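Structure at a glance
Here are the chains, one letter per residue:
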Amino acid sequence: MLQFINVSKRYSDSGEVLSNVCFQLEKGEMAFLTGHSGAGKSTLLKLIPVIERPNRGQILFEGKPINRISKRQVPYLRRQLGLIFQDYRLLHDRTVFDNVALPLLIAGFSQQETARRVRAALDKVGLLRKEKRFPLALSGGEQQRVGIARAIVHKPSLILADEPTGNLDPGLSAEIMDLFKEFNQVGVTLLIASHNLDLISRFACRTLKLQQGQLVEGG
Amino acid sequence: MTVLVIAIALTIPASFHVFIKNAQQASSTLEATNQISLFLKPELTNEAGGKVAETLNKHPQIAVAELVTKEAGLQQLKSYSGFGDALQALDFNPLPAVVGIKPKDSLTRPDEVEKLLGELRALPETDFVQLDTEWMHKLHAILTIAQRSVVVFSVLLSLGVLFIVGNTIRLELQNRREEIVVAKLIGATDRFIRRPFLYAGFWYGFLGGTLAWLLVSFFLLFLRGPSRHLAELYGSPYALSFLSLSETELLIGASVLLGIIGAWIVVSYHLRELDPT
């Protein structure tokens, strides 16, 4: 499903952040991406939705080289992905329902279909009864669940999570990870960046380890 | 606020245009009352004057030629000028007989009028000829200049409207920065993001243009009374004309177009810097 072939990314101010990264992620797999902060986890994740482009190498997503797609095609690629952020990135002036509905609104779903899917997604993350609340009225764990509902509502083929539990306490973090595991059990492919090794060790999943821009484990 | 500024910016050239249009129409209705006064030589009698008027009545370019006798002239002067008592003191009538000439309506071109004047001057009975409407031609020239300046004003103030809409949209973009970044991250196309701003541009333009139309109409209503009075003083049936349907369409249409274009430019320009990184 996702394949990195000798991918390198260099920034003019901080030098080479990723060098010759090679790995492959199979459909239905759940993998962790670890490493110290600054090891290049976030950069690697940014290459997949083309927030950044690599300087060298090739990235194949479902067989297509996404490092070379045009700017106009980027939105359509992103619609096949579910992005989850450390800081949730919710819109504070919209209700939980409207936040989760955003990807469907963008993709042009009908109102009925949108409502049905949003409620299904909120049900999965256990927030069905809070659909009319605003994000700031929710706890951190609940806000991240809204973020997760938004990432799964359009049934993406790959979910990318960048430090999804970075701002949460251990109990809530474990709950979020369990949620990811549940998705994986029904066939969702996930790539989760996290530096929380204790949490990762609880799951029997492949772990990709980055060290100073090089993939040293799991590739 | 934006709507009001747009309305004011558009009201200025629009009302200026209406003002000139009315002045032109007014002057052309007044021109129909073009009057030539042919002053006969003082030694000529009223009878000789009557014969001149009779001949001139047959002239193809003259509608009416009417003799004002020496006595009638004196009478008019007494009643209009307020010199009544002073004139009483005169022991003879110093006024010549005058033939008042009204050219045919078809005679509007200045060179044709000039030709007729030449013919009248050449008559042996003529002392001198006076055209009462020369100032009208000067007014016409001034109005043409004014009309050109309306075009310049319109272009400048249209640019102003473009900037006002652009600036308002830019602020709105900044307010919704986070929302746009998130929308882009989850697959919104530029077209999707641009659309609501173009709608906003449309409404700013539409409401601004409509308000400008209302302002111009109020302005004209305000002037209607005095202008009717003025027209009466000139003995003209002239009535103030408002913006025509096509002018209204042009005003509101141009305003809408400016709103959309202003929004388009700003959104397209700023969308590039709102790419998520």
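These numbers come from a predicted model, not from an experiment.

1. Considering the layout of surface pockets
Its volume calculated, the largest pocket comes out at about 600 Å³. Together, 25 residues line the largest pocket, and K71, R72 and P75 of chain A together with T189 and D190 of chain B are the ones closest to its centre. Secondary structure elements with two or more residues in the lining of the largest pocket: α2 (74–78) and α3 (96–107) of chain A together with α8 (190–233) of chain B. A total of five residues in the lining of the largest pocket trace back to one element, the largest contributor, which is α8 of chain B.

2. Observations regarding the interface of chain B and chain A
Facing 17 residues of chain B, the contacting portion of chain A comprises 19 residues. Both faces considered, chain B and chain A share a buried interface measuring about 1600 Å² in area, 64% of it formed by carbon and sulfur atoms. When the area that chain B buries against chain A is broken down by residue, the three leading residues are E179, L185 and I186 of chain B, summing to 38%. Taken together, the connections running from chain B to chain A amount to one salt bridge.

3. Things to note about unusual backbone geometry
Glycine aside, negative phi is the norm for most residues, and most peptide bonds take the trans geometry. Residues and elements named next belong to chain A. For N6, which is not glycine, the phi torsion reads 50° and is therefore positive. We note that Q212 has phi near 45°; this positive angle belongs to a residue other than glycine. Note that Q212 resides in the loop between β9 (206–211) and β10 (214–217).

4. Re the sheet that holds strand β6 (residues 81–84) of chain A
Residue and element names in this part refer to chain A. With respect to topology, six strands assemble into an open sheet ordered β6-β7-β8-β3-β9-β10, the strand pairing being mixed. Unpaired on one side and paired on the other, β6 and β10 mark the two borders of the sheet. Averaged over all adjacent pairs, the angle separating strand axes in this sheet is 20°, with direction ignored. Pairing geometry for strand β3 (residues 30–34) and strand β8 (residues 189–193), over four bridges, is parallel.

5. What to know about the domain arrangement of chain B
Taken domain by domain, chain B consists of domain 1 (2–30 + 137–273) and domain 2 (34–132). The gap between the C-alpha centroids of domain 1 of chain B and domain 2 of chain B is 51 Å.

6. Here's the deal with the side chain of S15 of chain B
All names here are of chain B. Summarising the element assignment, S15 is placed in helix α1 (residues 2–31). A distance of 3.2 Å separates a polar side-chain atom of S15 from the backbone oxygen of I12. When neighbours within four sequence positions are excluded, S15 is seen to be in contact with V216 and F219.

7. A word on the packing of aromatic side chains
Across all of its chains, the model carries seven aromatic pairs over all chains by this definition. Judged by centre distance (5.9 Å) and plane angle (80°), the ring pair of F16 of chain B and F153 of chain B falls under edge-to-face. Taken together, the residues F16 of chain B in helix α1 and F153 of chain B in helix α6 (residues 134–175) connect sequence positions 137 residues apart. Between the aromatic rings of F39 of chain B and F128 of chain B, the centroid separation amounts to 4.6 Å while the plane-to-plane angle is 10°, which identifies the pairing as stacked. Of this pair, F39 of chain B sits in strand β1 (residues 36–40) while F128 of chain B is found in strand β4 (residues 126–131), placing the two residues 89 residues apart along the sequence. Here the aromatic residues F202, W203 and F206 of chain B are joined through ring pairs into a cluster of three or more. Taking NZ or CZ as reference, R89 of chain A lies 5.4 Å from the ring centre of F85 of chain A, over its face. In this structure, R194 of chain B is placed above the aromatic ring of W264 of chain B, and the distance from its NZ or CZ to the ring centre is 4.3 Å.

Parameters and conventions
Residues numbered from 1 in each chain as written. Chains lettered and ligands numbered in written order. Predicted model: local features only at pLDDT ≥ 70, side-chain atom pairs only at ≥ 80, totals over all residues. Heavy atoms only, no water. 1 Å grid on protein atoms, 1.4 Å probe; cavity = no way out; pocket = protein on both sides within 12 Å on 5 of 7 lines; lining within 4 Å. Points joined across faces, edges and corners; volume = space filled by probe spheres on them. Helix = DSSP H or I, 4+ residues; strand = E, 2+ residues; numbered from the N terminus. Contact = heavy atoms within 4.5 Å. Buried area = accessible area lost by both parts, 1.4 Å probe. Salt bridge = Lys/Arg side-chain N within 4 Å of Asp/Glu carboxyl O. Pairing = 2+ DSSP bridges. Axes fitted to C-alpha atoms, helices over the stretch in contact; angles between N-to-C directions. Domains from an automatic or database assignment. Polar contact = N/O pair within 3.5 Å; in protein donor to acceptor, adjacent residues only side chain to side chain. Phe/Tyr/Trp six-rings, centres within 6.5 Å; stacked < 30°, edge-to-face > 60°. Lys NZ or Arg CZ within 6 Å of the ring centre and 35° of its normal.

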